[in-house]
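So the chains spell out like this:
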Amino acid sequence: MVADHVPAAPHAAPILVASNRGPVSYRLAEDGGLAAGRGGGGLVSGLSAIGPEAGAVWVCAALGEGDRLAARRAGRRLDPADTGGQRVRMLDIPAETFATAYNGVANSVLWFVHHLLYQTPLEPVFDAGFREQWAAYETYNAAFADALAEEAAEGAAVLVQDYHLTLVPALLRARRPDLRIGHFSHTPWAPPDYYRMLPDDVAAQVLRGILGGDRAAFLTRRWAEAFAACCADVLGAEVLRVGDRLAVRSEGRTTALGVHGLGTDGDFLRERAHRPDVEERMAALREQIGPDRRTIVRVDRTELSKNIVRGLHAFRSLLEEHPQWRGKVVHIAFAYPSRQDLAVYRDYTAEVERLAGEINAAWGTADWTPVALHVKDDFARSLAAYRLADVALVNPIRDGMNLVAKEVPVVSDHGCALVLSREAGAAAELGEDAIVVNPYDVVATARALHEALLMDPVQRAERSGRLAAAATALPPARWFVDQLEALTAATAGRAG
């Protein structure tokens, strides 16, 4: 049984970050050794703002066999030479427990709930098998809480990240009540009616888990309000409002809610987008596009919420309804495979490829391929497409933020028009200068693409400039520091 107060370890950290994915990943080399590579993803980019001088510890999970072997060999901490000098503790959670928690609950239940992805006549079905999966999710969260409790200095600040770790704040509070604990949700938050599809006890446990922290933060005010509404509806909690400040009081504790709209690092993107490998990809894309053609660019993972299939339908509708664009525009669609260990994602990826092929077969000519589909992940090629974009299509069903919507205007050589789903968190910041669409309305999206292609170049450049300024207003380093400062402020009057 866990003690009420776990003593801090020697060399304990004043700042801790907990996330499923860490700043480094390992693969097994042919000689039996381990090759380290910096981790990917927007979360990793944001949290990399912690410098070695801060004395922070990053607690993450081993994601594959290479990571697990590295964690076993390293003992408590990974080699700083592999981590960019950061102090990283990688948890060797049993592979079956990790897979069940990650795929069975985090990605197949919580992700689906918050992105409103269920086909409700058939799913979800919360049976005995789900209860076994939920037990693995509890075990996975408890492993993080134990490690954080061991690593944290007295009164340390702990920033817990995302839907994988919703139970950690309350579990950690029980182990180390002295700590200052924040949780950040990188996804949307479901409205109460949809959220209550979860079993009642699970719905309450997730909310209580996050409310175990001193502060819970979100990418937009909309998601923070939805969380507060779920707390009121499921737990009977009191929602407190003082001016723009929002908090939830439940079971004798008050948790402040906050908003931090993660932006993009404009300086890095602009520099990276002009390196030789990007120039090479641009030349190849120009050859594929052909001379004097306009471009509609999208860059996504084949994630169900990204709405790639409806985007392709909208492009087909554009060609059907506006024949002047036939032979004159190319849809550069990067659909990088995601979560291919789940059958529904494999099926979705196959449908994207099938539909792109169908459009090309129906409308293509000897010298014009309407859809240039790429499914192999290539960051340099993505940046090349950003630079070539006349129009960026970002039409998710639902998205916590969507950094692609922010990155394209920053990198585009001549300014681009942005067609943006109203269900993307980025719409709260970018909507005024984007063409905002209902992501389910294919006809309206096709109309928006037509409008974007016709936009006056001067107006397009002006809009793109304002979009880029908004996109870089809170770059990853500032985003992270803002969370730390807000957590400190929220706990300033508390006894240690």
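Preceding this paragraph is the structure being described.
Residues numbered from 1 in each chain as written. Predicted model: local features only at pLDDT ≥ 70, side-chain atom pairs only at ≥ 80, totals over all residues. Heavy atoms only, no water.

1. What to know about the overall build of the protein
So, step 1. From N to C terminus, the protein includes 18 helices and 17 strands.
So, step 2. Its C-alpha atoms give the protein a radius of gyration of 23 Å, near enough to 23 Å, the size a compact globule of 496 residues would have.
So, step 3. Counting only C-alpha atoms, the protein reaches 70 × 55 × 45 Å along its principal axes.
So, step 4. Split into buried and exposed, the 496 residues of the protein put 56% on the buried side.
So, step 5. Counting contacts in the protein only where the partners sit at least 6 residues apart, residues at least 24 apart contribute 77% of the total.
So, step 6. Looking at charge distribution, the protein has the averaged site of its 53 positive side-chain charges lying 2 Å from that of its 63 negative ones. (Helix = DSSP H or I, 4+ residues; strand = E, 2+ residues; numbered from the N terminus. Rg over C-alpha atoms; globule rule 2.2 N^0.38 Å. Buried < 20%, exposed > 50% of the residue type's maximum accessible area, 1.4 Å probe, protein only. Contact = heavy atoms within 4.5 Å. Lys, Arg positive; Asp, Glu negative; His and termini not counted. Charge placed at Lys NZ, Arg CZ, Asp CG, Glu CD.)

2. Focus: the pattern of salt bridges
So, step 1. Under the criterion given, the structure shown has 37 salt bridges.
So, step 2. Here Asp 146 makes a salt bridge to Arg 175, at a shortest N to O gap of 2.7 Å. Linking Asp 146 in helix H4 (residues 128-151) with Arg 175 in helix H5 (residues 168-175), this pair joins segments that are 29 residues apart in sequence.
So, step 3. The closest approach of N and O atoms between Asp 433 and Arg 466, which form a salt bridge, is 2.8 Å. On the criterion of sequence distance, the pair formed by Asp 433 in the loop between helix H15 (427-430) and strand S17 (435-437) and Arg 466 in helix H17 (residues 457-471) is long-range, its members being 33 residues apart. (Salt bridge = Lys/Arg side-chain N within 4 Å of Asp/Glu carboxyl O.)

3. Digging into the side chain of Asn 107
So, step 1. The residue Asn 107 is located in helix H3 (residues 95-114) in this model.
So, step 2. Relative accessible area serves as the criterion here: at 0%, Asn 107 is assigned to the buried category.

4. Examining the environment of Arg 398
So, step 1. Looking at the element boundaries, Arg 398 is found in the loop between strand S15 (391-394) and helix H14 (404-411).
So, step 2. Taking the C-alpha atoms as reference, Arg 398 lies 29 Å from Asp 456; in sequence the two are 58 residues apart.
So, step 3. Arg 398 has contacts with His 114, His 115, Leu 116, Pro 188, Trp 189, Ala 190, Pro 191, Arg 222, Trp 223, Ser 305 and Glu 423, leaving out every residue within four places of it along the chain.

5. Some thoughts on the packing of aromatic side chains
So, step 1. Counted according to the given criterion, the structure contains 14 aromatic pairs.
So, step 2. With a centroid separation of 5.4 Å and 50° between ring planes, the pair formed by Phe 112 and Tyr 118 is classed as tilted. As far as the burial class goes, Phe 112 and Tyr 118 line up, both buried.
So, step 3. Site record: aromatic cluster; members linked through ring pairs are Phe 98, Tyr 102, Tyr 140 and Phe 144.
So, step 4. Seen from the ring of Trp 111, Arg 339 lies directly overhead, with NZ or CZ sitting 4.3 Å from the centre. (Phe/Tyr/Trp six-rings, centres within 6.5 Å; stacked < 30°, edge-to-face > 60°. Lys NZ or Arg CZ within 6 Å of the ring centre and 35° of its normal.)

6. Details of the packing of helix H10 (residues 276-289) against helix H13 (residues 379-388)
So, step 1. Here H10 crosses H13 at 60°, and the two axes come no closer than 8 Å. As summarised for this structure, H10 and H13 are arranged oblique, according to the angle between their axes. Between H10 and H13 the crossing geometry is right-handed. Residue-level inspection shows Asp 277, Val 278, Glu 279, Arg 281, Met 282, Leu 285, Arg 286 and Ile 289 of H10 in contact with H13, the latter providing Ala 380, Arg 381, Leu 383, Ala 384, Ala 385, Arg 387 and Leu 388.
So, step 2. Residues belonging to the contact of H10 with H13 are distributed by class as follows: nine nonpolar, no polar and six charged. (Axes fitted to C-alpha atoms, helices over the stretch in contact; angles between N-to-C directions. Parallel < 35°, antiparallel > 145°, perpendicular 65-115°, else oblique. Left-handed = near helix turned anticlockwise from the far one by under 90°. Nonpolar A, V, L, I, M, F, W, Y, C, P; charged D, E, K, R; others polar.)

7. Remarks on the sheet that holds strand S5 (residues 87-91)
So, step 1. Spatially, the nine strands line up as an open sheet ordered S5-S4-S1-S6-S7-S8-S11-S10-S9, and their pairing is mixed. Of all the strands in the sheet, the pair left with one neighbour each is S5 and strand S9 (238-242). The sheet shows a mean angle of 20° between the axes of neighbouring strands, direction not considered.
So, step 2. Note: strand S1 (residues 13-18) against strand S4 (residues 57-61), three bridges, orientation parallel. In the sheet register, Ala 18 faces S4, and the bridge partner there is Val 59. (Pairing = 2+ DSSP bridges.)

8. Describing helix H12 (residues 343-363)
So, step 1. With 21 residues, H12 should reach 30 Å at 1.5 Å per residue; the first-to-last C-alpha distance of 31 Å fits that figure.
So, step 2. Within H12, burial applies to Tyr 345, Tyr 348, Thr 349, Val 352, Leu 355, Ala 356 and Ile 359. The arc enclosing the buried residues of H12, seen along the axis, measures out at 125°, which places them on a common side. Opposite its buried face, H12 presents the exposed residues Asp 347, Ala 361 and Ala 362, each directed more than 90 degrees away.
So, step 3. Where H12 is buried, its residues meet H3, helix H11 (308-321), strand S13 (329-336) and strand S14 (371-374). (Expected span 1.5 Å × (residues − 1). Arc of directions from axis to C-beta.)

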